[in-house]
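Read off the chains here:
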Amino acid sequence: MKEVSFHQITHENLNRCLALKISQEQEHFICDNARSLAEAYVNSRLHPYLIFDGREPGPKPKEKPIGFIMLEFPGDGIGFVLRLMIDSEHQGKGYGYAALQEAIRRLRKYPDVTHIATSHHNQNIRMKVLCEKVGFQIWQLDPNKIPPTEQFLIMKGN
Ligand SMILES: CC(C)(COP(=O)(O)OP(=O)(O)OC[C@H]1O[C@@H](n2cnc3c(N)ncnc32)[C@H](O)[C@@H]1OP(=O)(O)O)[C@@H](O)C(=O)NCCC(=O)NCCS
């Protein structure tokens, strides 16, 4: 099974974050990483990370990241997993699964995280299957309050 670690985005690795790519057909499923970083800049609850192959202590100085993810630490007990992307070169190798597991592990370290949630585009079958595999279940929200193309999912936190 793959193992991954999450690392802060810094001045040194920013270009590697912006260079991560997905296929053109996947682009409508997710915002680009530059937008996610901009959102995190203005919202202190959002924590963007680069994903590297292997567990801590982390990457060697010139190692390339394999993906990107953002976690939202809650104000209301619900921790969110956002913007998971694995570079096209590394998809289908189990990194997406490992990254979701690591995201859940990190969010559960916070005692006030009672639930963990995420969402994906209805047509994003890969992400749907992946979310089911790690234990997310459909979260029925008021359809008037969510975009019609988006499926929300939830699981127990602590
Ligand atoms: C969704 C994404 C993160 C998955 O990452 P990944 O590293 O390719 O996923 P994994 O290799 O861990 O695969 C996990 C499971 O997905 C399923 N899967 C993979 N490809 C699939 C496909 N084409 N159709 C259906 N299910 C598929 C399989 O069940 C696989 O499990 P398996 O290893 O038992 O076969 C990746 O495809 C991605 O970055 N997509 C573009 C961005 C995106 O859509 N992000 C989600 C935003 S909400």
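Everything numeric here is computed off the predicted structure, so don't read it as measured data.

## What to know about the sheet that holds strand β4 (residues 78-86)
Working step 1: Judged by pairing direction, the sheet is mixed, and its 7 strands sit side by side in the order β1-β2-β3-β4-β5-β7-β6 without closing on themselves. Of all strands in the sheet, those bounded by a partner on one side alone are β1 (4-8) and β6 (137-138).
Working step 2: Across 2 bridges, the pairing between β6 and strand β7 (residues 150-156) is antiparallel. Residue pairing in the sheet places Q137 in a bridge with I154 of β7.
Working step 3: Lying on the sheet, helix α2 (residues 33-42) is in contact with β2 (46-53), β3 (67-72) and β4; it crosses β2 at an angle near 140°.

## Structural notes on the site of the ligand
Working step 1: In the region of the ligand, 21 residues are neighbours, and F29, Q91, G96, Y97 and H120 sit closest.
Working step 2: Those elements that provide at least two residues to the shell around the ligand are β4, α3 (95-108) and α4 (125-134).
Working step 3: By residue number, the principal contributor to the shell around the ligand is α4, which donates 5 residues.
Working step 4: Split by residue class, the shell around the ligand holds 12 nonpolar, 7 polar and 2 charged.

## So, the nonpolar core
Working step 1: Grouped together as the largest cluster of nonpolar side chains are 34 residues, with contacts concentrated most on I51, I69, L71, V81, A99 and A103.
Working step 2: Looking at this core element by element, the count peaks at 7 residues for α3.
Working step 3: Once residues lying within four places of it in the same chain are set aside, the contact partners of I69 are F6, Y49, I51, R83, L84, A99 and A103.

## Concerning the pairing of strand β5 (residues 115-121)
Working step 1: With 5 of 7 residues buried, β5 lies mostly within the body of the structure.
Working step 2: Strand direction decides the pairing type here: β4 and β5, joined by 4 bridges, are parallel. Its bridge partner lying in β5, V81 is registered against T118.
Working step 3: Viewed along the sheet, the connection from β4 through α3 into β5 turns out right-handed.
Working step 4: The sheet contact formed by β5 and β7 spans 7 bridges and is antiparallel. Across the sheet, the residue bridging to A117 is I154, located in β7.

## Things to note about the packing of α3 against α4
Working step 1: Packing of α3 against α4 leaves a shortest axis separation of 10 Å and a crossing angle of 50°. The pairing of α3 with α4 is recorded here as oblique in orientation. Crossing angle aside, the handedness with which α3 passes α4 is right-handed. For the pair α3 and α4, contact is made by G96, Y97, L100, Q101 and I104 and by L130, K133 and V134, respectively.
Working step 2: The residue makeup of the contact of α3 with α4, split by class, is 5 nonpolar, 2 polar and 1 charged.

Reading the values: the criteria
Residues numbered from 1 in each chain as written. Predicted model: local features only at pLDDT ≥ 70, side-chain atom pairs only at ≥ 80, totals over all residues. Pairing = 2+ DSSP bridges. Helix = DSSP H or I, 4+ residues; strand = E, 2+ residues; numbered from the N terminus. Contact = placed C-beta atoms within 7 Å. Axes fitted to C-alpha atoms, helices over the stretch in contact; angles between N-to-C directions. Near = placed C-beta within 6 Å. Nonpolar A, V, L, I, M, F, W, Y, C, P; charged D, E, K, R; others polar. Core = buried A, V, L, I, M, F, W, Y, C linked by C-beta atoms within 7 Å. Buried ≥ 20, exposed ≤ 12 C-beta atoms within 10 Å, placed from the backbone. Right-handed = clockwise from strand over helix to strand, strands pointing away. Parallel < 35°, antiparallel > 145°, perpendicular 65-115°, else oblique. Left-handed = near helix turned anticlockwise from the far one by under 90°.

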